[in-house]
Number of protein chains: 4
Amino acid sequence: METLGVAMIGYKFMGKVHSRAYRDAIVLFEPKTSPELRVICGRDESGVRDAADRYGWPEYSTNWEEVVRRDDIQIVDISVPGDIHRPIALAAAQQGKHILCEKPLANSLSDAQEMAQAVEAAGVVNMVSFNYRRVPAVVLARELIEAGEIGEIYHWRACWLSDWATSPYIPITWRFQRERAGSGSLGDLGSHLIDLAHYLIGPIEKAIGLTETFIKERPLLPTECKPGVTTGSVNVDDGALFLARFENGAIGSFEATRVAGGSRERFIFEINGSRGSVYFDFERLNELRYFSWREHARTQGYRTIFVGQSEHPYGRRWWPPGLGIGYDASFVHTVYDFLNGVAENKSPSPDFREAVGVQAVLEAVGHSIEEERWVKVSDVLNGTQ
Amino acid sequence: METLGVAMIGYKFMGKVHSRAYRDAIVLFEPKTSPELRVICGRDESGVRDAADRYGWPEYSTNWEEVVRRDDIQIVDISVPGDIHRPIALAAAQQGKHILCEKPLANSLSDAQEMAQAVEAAGVVNMVSFNYRRVPAVVLARELIEAGEIGEIYHWRACWLSDWATSPYIPITWRFQRERAGSGSLGDLGSHLIDLAHYLIGPIEKAIGLTETFIKERPLLPTECKPGVTTGSVNVDDGALFLARFENGAIGSFEATRVAGGSRERFIFEINGSRGSVYFDFERLNELRYFSWREHARTQGYRTIFVGQSEHPYGRRWWPPGLGIGYDASFVHTVYDFLNGVAENKSPSPDFREAVGVQAVLEAVGHSIEEERWVKVSDVLNGTQ
Amino acid sequence: METLGVAMIGYKFMGKVHSRAYRDAIVLFEPKTSPELRVICGRDESGVRDAADRYGWPEYSTNWEEVVRRDDIQIVDISVPGDIHRPIALAAAQQGKHILCEKPLANSLSDAQEMAQAVEAAGVVNMVSFNYRRVPAVVLARELIEAGEIGEIYHWRACWLSDWATSPYIPITWRFQRERAGSGSLGDLGSHLIDLAHYLIGPIEKAIGLTETFIKERPLLPTECKPGVTTGSVNVDDGALFLARFENGAIGSFEATRVAGGSRERFIFEINGSRGSVYFDFERLNELRYFSWREHARTQGYRTIFVGQSEHPYGRRWWPPGLGIGYDASFVHTVYDFLNGVAENKSPSPDFREAVGVQAVLEAVGHSIEEERWVKVSDVLNGTQ
Amino acid sequence: METLGVAMIGYKFMGKVHSRAYRDAIVLFEPKTSPELRVICGRDESGVRDAADRYGWPEYSTNWEEVVRRDDIQIVDISVPGDIHRPIALAAAQQGKHILCEKPLANSLSDAQEMAQAVEAAGVVNMVSFNYRRVPAVVLARELIEAGEIGEIYHWRACWLSDWATSPYIPITWRFQRERAGSGSLGDLGSHLIDLAHYLIGPIEKAIGLTETFIKERPLLPTECKPGVTTGSVNVDDGALFLARFENGAIGSFEATRVAGGSRERFIFEINGSRGSVYFDFERLNELRYFSWREHARTQGYRTIFVGQSEHPYGRRWWPPGLGIGYDASFVHTVYDFLNGVAENKSPSPDFREAVGVQAVLEAVGHSIEEERWVKVSDVLNGTQ
């Protein structure tokens with residue numbers, strides 16, 4: 001089995017989660033290729049050195065340009081913020097490195113398209129870390145759909161309810177600034193929901209949205225205050241809603257918010273079809289609720305499946321049945337599938353091109369809000385919008 | 001205490017539920033006026049005679065015009081289908097009778113407006129039986145909002161998920177015909193959600209919707225089949241979605257569907273505000289979930305309140321704490337509040353005028369779907385739409 | 001169809017609930033015999049007159065001895081406290097009246113046995129109102145067991161958790177006095193659980209229990225205070241636990257308590273067998289949870305059945321699917337089945353003899369606590385214990 | 001910070017989980033002492049070599065006697081089956097090594113006592129891996145109890161419901177043989193519940209139990225079949241129940257079973273006290289349900305706390321709020337606390353002596369079943385039982 005050198009670009013939260021995921025992919029799973037964690041990169045030397053130490057990287061660097069050129073590196077994992085993905089991805093692709101990139105692929109559609117073109121031109125394996133796709137209960141939902149157990153899809157309803165921004169005393173960080181974050185809850189949380197809708201239902205034809213910034217003024221960070229100026233304006237949304245029609249005829253609703261008190265990270269979807277339904281709530285990530293019309297009317301009812309049997313996706317590799325997994329498992333599965341993709345020279349889903357599709361929906365929703373009308377995703381992709 | 005004669009117009013499902021509600025209002029509650037059930041009306045003599053017998057009415061009639069003119073009748077309860085509410089209500093108002101009318105008030109906005117004008121001109125007490133407003137857990141939600149416990153309202157999300165129409169073998173009854181039903185799930189189920197949104201949040205400024213008829217062809221009823229013609233087209237929606245902006249700045253989503261397998265009559269709403277949240281699911285009608293930001297972070301969490309204490313709305317009149325009530329209780333509360341309204345000569349909410357407001361939102365949504373754009377409710381009410 | 005005159009003995013809480021249940025049995029169901037509510041009895045004249053008025057009884061009386069002798073009375077409903085059931089039941093049986101008696105049948109085993117002998121000797125239809133047996137979800141559990149869907153029964157676990165007595169400021173009423181109440185939570189709440197265990201699993205072979213009085217001293221009622229004496233001792237249990245072995249080999253646990261904060265009247269049972277499991281929680285009385293081993297491992301899971309379809313017990317008579325019923329429905333079903341039993345001259349289950357069985361288990365548990373050892377129910381019934 | 005060499009004895013399931021826990025304790029937490037993973041031990045050379053490779057141990061050995069004598073080893077982690085703990089622990093203690101031992105400490109009380117004496121005599125830090133104590137929601141329950149939020153404890157009810165042994169086709173492995181496993185569900189699952197009861201409530205005074213083997217005959221493993229002999233007898237329990245009185249006056253029930261269909265590993269406890277209640281279900285390990293009597297009656301209710309805030313036990317080290325953790329986290333916390341205990345030269349709870357207490361309760365329950373009477377734990381510890 002080939003040994004592949006891995007470089008991790010980014011060492012903060014996502015750098016930690018991804019580092020750990022590579023180790024777990026080795027300890028718990030048996031990827032068809034054997035990764036060797038070689039070097040971790042970051043701008044702040046003392047920070048990245050400490051991270052290397054703790055996460056178990058033998059080497060660190062403050063120069064990603066150099067790292068992506070190294071011959072002993074075959075895999076580049078981009079775990080830095082979205083607004084600096086582009087140059088790294090382009091350089092890595094040019095060097096023929098396989099790339100696993102955190103979401104969002106980019107902050108704009110055109111950047112994303114350029115990146116997709118680059119990896120396709122270079123012929124490297126590429127994948128975007130929309131990790132929630134790889135929660136086993138979500139994969140089980142997909143398997144049921146593919147097996148026809150849900151039938152023709154009628155309804156999709158999805159929310160990402162979080163509440164961390166409800167207090168007006170939470171200061172203005174980059175997440176409240178359009179210049180740096182692109183958008184608010186719509187892009188941050190909504191993008192995951194769009195990716196899942198693509199995964200479970202299929203392409204979206206058109207959308208119309210509505211957003212609101214409920215807390216329009218927030219305190220500045222102490223470092224950004226000036227004499228007499230201690231608050232600033234928020235120019236991204238706190239909450240976003242949109243309706244969508246899918247190409248296959250299903251209709252759906254999406255919601256993303258940071259001010260839904262009581263829901264820490266409750267991302268929920270429910271799908272209804274002609275033969276059954278599924279329901280998922282990330283706060284209970286080991287469970288999938290499933291309803292089948294095949295059951296006799298007397299005993300019909302949504303059942304709660306504890307997804308952790310060996311019959312379930314990724315189930316054989318974790319604990320005995322009934323002992324749950326956490327958030328981090330979704331990254332382990334992402335890395336595992338990515339490594340197998342590299343072994344087979346085939347980009348796992350979602351690849352960069354699919355992430356472009358997510359970006360296009362986000363832009364369609366953005367236009368629909370500004371122009372107060374339905375916007376077709378194809379018009380956005382074709383540049384006619 | 002004055003005795004008031006009651007005439008029930010309609011003897012089928014709603015006639016039965018309302019008849020029972022008057023009795024329970026007497027047995028369990030102590031309305032400030034004493035109703036005397038005098039006569040029940042219906043078109044089919046043998047049907048209405050049997051109903052009189054079973055529900056305990058001393059008299060029956062097949063002529064509502066006569067009944068609403070009787071001097072020993074002070075209250076007219078209209079429990080027939082919506083498309084024949086108008087003439088009965090107009091006649092009853094003209095005779096100075098107090099009116100409790102089933103929902104929808106009418107099948108069109110103009111009819112509803114005419115009826116509201118009539119009862120206002122006649123000065124009679126009038127009320128529309130949007131019964132779900134009077135589920136105790138829903139009233140508790142309103143009380144919490146009024147007490148400021150939810151704070152400024154940010155989000156409203158409501159669904160009415162039912163599944164009785166999922167099978168394509170269900171034949172075309174009046175509920176699948178626009179001519180008779182007005183609309184599909186939107187009007188039937190969505191109207192309740194709109195009324196609740198008005199009750200809990202306030203007026204809706206504008207809306208945009210999306211509907212779909214998933215099962216476009218259904219079998220005809222045997223009596224409507226002709227040689228070679230055994231199926232017909234459905235021209236109402238199976239499912240409907242709409243987004244709304246409220247006048248107070250909140251944003252919301254609504255959904256109504258008849259094809260959400262696994263949800264028999266799961267009507268759900270969730271409200272998030274600056275100080276707390278509430279969540280209600282009609283399949284667990286004795287419960288209200290409530291989240292308060294006032295609690296210490298360590299023990300914050302949605303709590304499940306079993307609404308049946310003497311401290312709760314209508315709680316003192318029912319069973320000891322913890323012993324639940326059913327669907328029917330909402331009608332008992334409606335009748336009880338209506339009788340008290342009659343005693344005080346004050347129309348309880350929602351009166352006919354408020355029902356006109358529900359109708360206006362339904363029409364706004366209808367226009368928004370046809371024209372694929374946002375429609376303002378005020379434009380509908382002013383006739384400029 | 002024969003008309004049968006009903007006399008209600010008792011007019012307070014249970015008198016109200018039973019009165020209403022007879023009406024609903026007529027309005028909603030169609031019993032095979034037609035009851036006529038003739039007279040309601042109570043000791044306090046003004047109280048019983050008012051009750052007659054409100055509950056719709058044409059006549060009242062303060063003399064039950066007279067009433068049970070009346071020729072126009074065929075049914076005697078005993079809804080007074082348990083310690084005065086015996087004389088009424090014996091007199092009614094002697095007069096050949098059919099009897100529906102509230103639980104507990106009596107406060108002692110010997111009284112209960114005497115009453116059972118009396119009704120059997122008189123050949124009258126007799127039934128005890130263990131109403132929880134007739135919650136539709138509970139009946140569905142029994143149907144699944146009878147159909148073999150649960151298989152051989154292994155485990156029974158049942159709790160009746162209530163919390164009304166948790167505050168030490170709750171004064172000493174009859175419920176805290178062994179002389180009047182017989183026992184505490186064990187007899188009051190535990191008796192229902194024993195009846196359900198008999199209904200669902202079968203006879204209990206032996207038991208061993210443990211009780212505790214956590215709040216040993218409580219305030220006296222103002223009327224019972226004397227100079228310097230404002231508190232009294234509680235001599236019944238606040239909480240009770242017992243283990244049981246059933247005759248069919250199953251093993252089980254029972255718990256009843258009044259001090260389980262947060263559970264208003266949460267009575268729960270769960271049954272596990274070789275082929276499936278069922279779970280019921282009275283706070284969600286319209287639901288039954290059901291697990292079947294027949295399902296493929298990938299989609300196995302407890303399902304939540306909303307018990308309200310026409311396919312469900314008593315389902316055809318209530319509301320459309322998905323609209324729940326309340327606590328009171330269990331009494332309507334009890335009365336309905338009792339009336340049908342009278343029509344067929346066959347005592348519905350549980351009859352007085354079965355209630356003797358419940359009493360015997362209670363006494364066995366009582367002995368087991370005093371003597372700190374396992375006690376066989378047969379020894380109690382045979383008088384050898 | 002001192003570097004401490006770790007030897008892992010055992011390389012199968014628990015060896016894997018513990019190996020990973022040491023790494024995570026370093027990556028995610030910052031223990032006060034720095035462990036260095038030096039050597040992993042096992043009997044099967046190829047197996048342990050492969051494990052060393054995958055779990056990241058630089059060295060492996062098939063000779064634990066040698067390993068525990070090494071000077072570069074300060075910590076011995078015993079992750080082999082319970083029946084071989086004793087010699088390893090005694091040898092390690094004699095060598096002055098700190099010991100983290102998997103549960104059960106031993107299969108008999110006398111072995112456990114000998115081991116506790118050995119570590120105490122040697123003065124080494126010692127701990128038993130009752131990992132469920134360190135689920136954050138469980139720790140939060142303890143914190144609430146310690147802060148007085150639950151008040152005086154009245155009730156403890158705990159179940160460990162699993163279902164893996166329900167099929168009669170599951171063959172006889174060591175878990176079904178008293179000689180090797182000690183007991184069935186009682187020792188395997190019940191021991192965790194006893195440890196938690198000690199942690200949350202306090203010492204148990206006396207107990208009485210009941211067990212059953214529902215499936216008395218099972219197929220032999222192919223390797224153990226002889227001509228004509230293909231099945232064998234099961235001599236351990238499938239399910240076990242016991243009642244307990246705690247020294248502080250609380251009463252409790254315990255259940256452990258392997259045949260509760262629908263519950264994979266649903267371990268549940270509920271505690272009721274004078275001021276509040278808590279409820280935990282391991283299938284939803286990130287949640288604690290909490291009820292407080294301090295809340296106004298109108299809004300009282302069990303709340304569901306998502307335990308993952310920085311205010312929660314171990315919360316600061318994992319993911320942002322709302323992103324759950326899994327089964328494995330409980331081991332990371334165990335190792336983390338153990339390493340800190342080593343740094344401070346203080347055995348974290350539960351140490352070997354506390355594990356002796358668990359063993360004593362198990363033996364008391366065992367005696368109570370054989371002799372059909374209550375057994376005092378102190379009599380077992382004093383050897384008078």
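The structure we're discussing is the one just above.
Residues numbered from 1 in each chain as written. Chains lettered and ligands numbered in written order. Predicted model: local features only at pLDDT ≥ 70, side-chain atom pairs only at ≥ 80, totals over all residues. Heavy atoms only, no water.

Caption draft 1: The sheet that holds strand 2 (residues 34-41) of chain A, seen in detail. Residues and elements named next belong to chain A. The parallel open sheet is built from six strands, whose spatial order is 3-2-1-4-5-6. The sheet terminates laterally at strand 3 (60-61) and strand 6 (126-129), the two strands that pair on one side only. Sheet strands touched by helix 1 (residues 13-28): strand 1 (3-9), strand 2, strand 4 (75-78), strand 5 (98-102) and strand 6. Its angle to strand 2, the strand with the most contacts, is close to 160 degrees. (Pairing = 2+ DSSP bridges. Helix = DSSP H or I, 4+ residues; strand = E, 2+ residues; numbered from the N terminus. Contact = heavy atoms within 4.5 Å. Axes fitted to C-alpha atoms, helices over the stretch in contact; angles between N-to-C directions.)

Caption draft 2: Structural view of the nonpolar core. Counting residues in hydrophobic clusters, the biggest one holds 241 residues, and the most contacted among them are Trp 156 and Phe 269 of chain A together with Trp 156 and Phe 269 of chain D. In this view, Phe 269 of chain A contacts Val 138, Ala 141, Trp 156, Arg 157, Ala 158, Leu 200, Val 278, Tyr 279 and Phe 280 of chain A; residues no more than four positions away in its chain are not counted. Among the nonpolar cores identified, the runner-up in size contains 240 residues, and Ala 207, Leu 285 and Val 361 of chain B together with Tyr 290 of chain C belong to it. (Core = buried A, V, L, I, M, F, W, Y, C linked by side-chain atoms within 4.5 Å. Buried < 20%, exposed > 50% of the residue type's maximum accessible area, 1.4 Å probe, protein only.)

Caption draft 3: Geometry of the packing of helix 1 (residues 13-28) of chain C against helix 9 (residues 329-344) of chain C. Residue and element names in this part refer to chain C. One way to put it is that helix 1 packs onto helix 9 with a least axis distance of 8 Å and a crossing angle of 60 degrees. As for the relative orientation of helix 1 and helix 9, their crossing is right-handed in sense. Contacts between helix 1 and helix 9 pair Met 14, Val 17, His 18, Ala 21, Tyr 22, Asp 24 and Ala 25 from the former with Phe 331, Val 332, Val 335, Tyr 336, Phe 338 and Leu 339 from the latter. For the contact of helix 1 with helix 9, the per-class residue count stands at 11 nonpolar, one polar and one charged. (Left-handed = near helix turned anticlockwise from the far one by under 90°. Nonpolar A, V, L, I, M, F, W, Y, C, P; charged D, E, K, R; others polar.)

Caption draft 4: Quick look at the relation of the copies chain D and chain C. Overlaying chain D with chain C gives an RMSD of 0.0 Å, the required rotation being 180 degrees about an axis along which the chain moves by 0.0 Å. Expressed as an axis order, the relation between the two copies is that of a two-fold axis. Across chain D, the rotation axis passes nearest the C-alpha of Arg 373 of chain D, at a separation of 2.8 Å. Here 100% of the interface residues in chain D have copies in chain C that are interface residues too; the copies meet face to matching face. (Least-squares fit on C-alpha atoms with pLDDT ≥ 70 in both.)

Caption draft 5: View of the interface of chain C and chain A. Across the contact, 18 residues belong to chain C and 18 residues belong to chain A. Summing both sides of the interface, chain C and chain A together bury roughly 1,600 Å²; the carbon and sulfur share of this comes to 50%. For the pair chain C and chain A, the number of links is four salt bridges. Between Arg 298 of chain C and Glu 143 of chain A there is a salt bridge, and its shortest N-O distance comes to 3.1 Å. Linking chain C to chain A there are 10 residue pairs in polar contact (both at pLDDT 80 or more). Those elements giving two or more residues to the side of chain C that touches chain A turn out to be helix 6 (136-146) and strand 16 (302-306) of chain C. Of the residues that constitute the side of chain C that touches chain A, the class distribution is six nonpolar, seven polar and five charged. (Buried area = accessible area lost by both parts, 1.4 Å probe. Salt bridge = Lys/Arg side-chain N within 4 Å of Asp/Glu carboxyl O. Polar contact = N/O pair within 3.5 Å; in protein donor to acceptor, adjacent residues only side chain to side chain.)

Caption draft 6: Molecular detail of the relation of the copies chain C and chain A. For the pair chain C and chain A, the relating rotation is 180 degrees, the translation along its axis is 0.0 Å, and the fit reaches an RMSD of 0.0 Å. Most of the interface of chain C is mirrored in chain A: 100% of its interface residues are interface residues there too.

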